[in-house]
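Overview (structure and organization)
If you want the building blocks of each chain, they are given just below.
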Amino acid sequence: THAPVNVTVTGAAGQIGYALLFRIASGQLLGTDTPVKLRLLEIPQAVKAAEGTALELQDGAFPLLAGVDIFDDAKQAFEGTNVALLVGARPRTKGMERGDLLEANGGIFKPQGEAINAGAADDIKVLVVGNPANTNALIAQAHAPDVPAERFTAMTRLDHNRALAQLAGKLGVSVADIKKLTIWGNHSATQYPDIFHAEVNGKNAAEAVNDQNWLENEFIPRVAKRGAEIIEARGASSAASAASAAIDHVHDWVNGTPAGDWTSMAIPSDGSYGVPEGLIASFPVTCSGGSYEIVQGLEINDFSRAKIDASVQELSDEREAVRKLGLV
Ligand code: NDP
């Protein structure tokens, strides 16, 4: 077995945190031979609730859980951390302008970026879940100049998993039969789930579907609006599925993607596929040895091009907005 890995979770007392912490403690984040030390960050009002969750974690008697510490100070919470899951964010509330939302999140992700810069371990990997995730990741990254930029990522894995499930349902196959699906762009309603390079039991998925109407008018909007569908049905936003996707994202980043497949991660663009450099956009990626690479050389048809461009434009606009606020 390894030495314990320090994992910091922000918003630990929230509903995603509640689902996430038990999965981490059981070894599903990093693997069943890696002990973890949890470092929970919460706002002062939520520390008591986080302490309650820590009692339940203790009661889980997880052999891999080497300790749980709770903080309301970012500098302390990120001290020596190897994996940071930034879940806590300021949600958009009724009547809130986008600028106000970005500013409120700037107040959270700027100090967290600074704290990561100051104290995290050299191998720090950051996943931002809290929305607007891509731009929150950009803000944190901008305040961590000593950390390699590529260590800041945002989550589109839930969108990826939702798309896999919808496509599998349509074709009457298992999700395990589908490979090489891609989410492009922003984790927002403009995201583009791309099945043109996906394979179903080795055959092209778009050809297997052969239904442009379903693709445009059912599949894409259903994946993009799945969050609202969950709220409608459950009376609360998706939490366990978001936590599960966060586990998948970090697990694959650390342990690698399977041969012959890829996944979707929002990562700083290197200019691939015409996405402006530096934007934190979702791409098809493969992971190995603890790092990731954008899958290169995919042919992008006109339909996909327009969808990718629209989502990337939204990311550019968000970057411009946080630039104006002096947050990046
Ligand atoms: P959740 O745990 O349900 O959600 C947390 C964040 O994840 C939200 O920004 C949410 O965005 C986002 N998210 C991303 N993908 C999804 C998805 N697919 N489904 C649902 N949410 C998604 O929120 P809670 O309100 O239950 O808990 C938040 C916690 O964070 C609170 O305990 C609060 O105290 C804490 N917090 C901590 C901070 C810190 O540690 N410094 C700062 C701010 C808050 P969206 O709402 O847009 O869906």
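Summary of the structure given here.

Basis of the calculations
Residues numbered from 1 in each chain as written. Predicted model: local features only at pLDDT ≥ 70, side-chain atom pairs only at ≥ 80, totals over all residues. Heavy atoms only, no water. Near = heavy atom within 4 Å. Polar contact = N/O pair within 3.5 Å; in protein donor to acceptor, adjacent residues only side chain to side chain. Areas by Shrake-Rupley, 256 points an atom, 1.4 Å probe, with all protein chains shown as cover. Axes fitted to C-alpha atoms, helices over the stretch in contact; angles between N-to-C directions. Helix = DSSP H or I, 4+ residues; strand = E, 2+ residues; numbered from the N terminus. Parallel < 35°, antiparallel > 145°, perpendicular 65-115°, else oblique. Left-handed = near helix turned anticlockwise from the far one by under 90°. Contact = heavy atoms within 4.5 Å. Nonpolar A, V, L, I, M, F, W, Y, C, P; charged D, E, K, R; others polar. Buried < 20%, exposed > 50% of the residue type's maximum accessible area, 1.4 Å probe, protein only. Pairing = 2+ DSSP bridges. Right-handed = clockwise from strand over helix to strand, strands pointing away.

**Considering the site of the ligand**
Gln-15, Ile-16, Glu-42, Leu-158 and Ser-238 are the nearest of the 25 residues found near the ligand. Within the backbone of Gly-11, one N or O atom sits 3.4 Å away from an oxygen atom of the ligand. At a separation of 3.0 Å, an oxygen atom of the ligand approaches a polar side-chain atom of Asn-131. Taken by itself the ligand offers 910 Å² of open surface, and the protein chains cover 77% of this.

**Comments concerning the packing of helix α1 (residues 15-25) against helix α10 (residues 240-255)**
In a pair of packed helices, the angle between the axes and the distance between the axes together describe the arrangement. Their axes nearest at 8 Å, the elements α1 and α10 cross at an angle of 40°. Taken together, α1 and α10 sit at an angle that is classed as oblique. The chirality of how α1 crosses α10 is right-handed. Between α1 and α10, the residues in contact are Ile-16, Ala-19, Leu-20, Arg-23 and Ile-24 and Ala-240, Ala-242, Ala-243, Ser-244, Ala-246 and Ile-247, respectively. When its residues are assigned to classes, the contact of α1 with α10 shows nine nonpolar, one polar and one charged.

**Observations regarding the pairing of strand β5 (residues 125-128)**
Taking every second residue as pointing to the same face, both faces of β5 are buried, with Lys-125 and Leu-127 on one and Val-126 and Val-128 on the other. Looking at chain direction, strand β4 (residues 83-86) and β5 are connected through four bridges and run parallel. Paired with Leu-85 across the bridge in β5 is Leu-127. You can see the chain leave β4, run along helix α4 (residues 98-119) and come back into β5, and the turn it takes is right-handed. Sheet analysis places β5 next to strand β6 (residues 152-154), joined by three bridges and oriented parallel. Pairing of Val-128 across the sheet is with Ala-154, part of β6. Regarding the hand of the β-α-β motif, the stretch spanning β5, helix α5 (residues 133-142) and β6 is right-handed.

Taken by themselves, the reported measurements are silent on function.
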